[in-house]
Amino acid sequence: MKAAKILHYTALLLGFQASVFFTFFLLAEGAADLIEGKVAVIPIMIIMMIAVAGFIWAVASPRKGSLLMIVSGIVLTLYLLIITSIGEIGMGLIFGLPFIVPGILFYMAGKN
């Protein structure tokens, strides 16, 4: 029981940090890119919004929300790998792992 609480609160902390950081990042950088007419940022923004929605859902329902976080983090990583080439794996991991790791922790905490 104690391990599940530690996993849950760690997932809350990491997920909250990732969600807040990427939300503000999207508002600042994504809006600026859209104003300049760059539409390539739209799919990234949509996938990140789904990942943040997964975090919000995971707070209420850890199992279901965690799956949404994990899937959207993986999709975001794969999308960035495809558009930047496999050589830039760091960029995909930087954007995807902050949602995949808390998603896995939420899933493990909700399993108990």
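Just so it is clear, the model here is predicted, and its values are computed rather than measured.

How each quantity is defined
- Numbering of residues begins from 1 in every chain and follows the order in which that chain's sequence is written.
- Only residues with pLDDT of at least 70 get local features here, since the model is predicted, and only at 80 or more are side-chain atom pairs given and counted; chain-wide, interface and lining totals rely on the full set of residues.
- Values reported for side chains reflect all heavy atoms of the structure, with hydrogen atoms and water molecules removed beforehand.
- Secondary structure elements are taken from DSSP: a helix is a run of H or I of four residues or more, a strand is a run of E of two residues or more, and numbering for both begins at the N terminus.
- Radius of gyration here uses only the C-alpha atoms, and the compact-globule reference equals 2.2 Å multiplied by the residue count raised to the power 0.38.
- Note on exposure labels: buried denotes an accessible area under 20% of the residue type's maximum, exposed denotes more than 50%, and partly exposed covers the range between, all computed with a 1.4 Å probe on protein chains only.
- The contact criterion used throughout is that any non-hydrogen atoms of two residues lie within 4.5 Å.
- For the charge count, each Lys or Arg is scored as positive and each Asp or Glu as negative, with His and the chain ends excluded.
- Charge positions come from single atoms, namely NZ of Lys, CZ of Arg, CG of Asp or CD of Glu.

> I'm lost on the overall build of the protein in this one. Help?
A tally of helices and strands in the protein yields four helices and zero strands. The N-to-C order of helical and strand elements in the protein reads α-α-α-α. Here the C-alpha radius of gyration of the protein, 15 Å, is about what a compact globule of 112 residues would show, namely 13 Å. Its C-alpha atoms give the protein principal-axis dimensions of about 50 × 25 × 20 Å. Relative to its 112 residues, the protein shows a buried fraction of 35%. Residue pairs at least 24 apart in sequence account for 65% of intrachain contacts in the protein once pairs closer than 6 positions are excluded. On the protein, the mean spot of the 6 positive side-chain charges and the mean spot of the 4 negative ones are 31 Å from each other.

> For this particular structure, what's the right way to read the environment of Ala58?
Mapped onto the secondary structure, Ala58 falls in helix α2 (residues 41–60). On the basis of relative accessibility, which here comes to 0%, the residue Ala58 falls in the buried class. Residues Ala58 and Val20 lie 38 residues apart in sequence; the distance between their C-alpha atoms is 15 Å. Those residues in contact with Ala58 that sit more than four places away from it in its chain are Gly65, Ser66, Met69 and Phe106.

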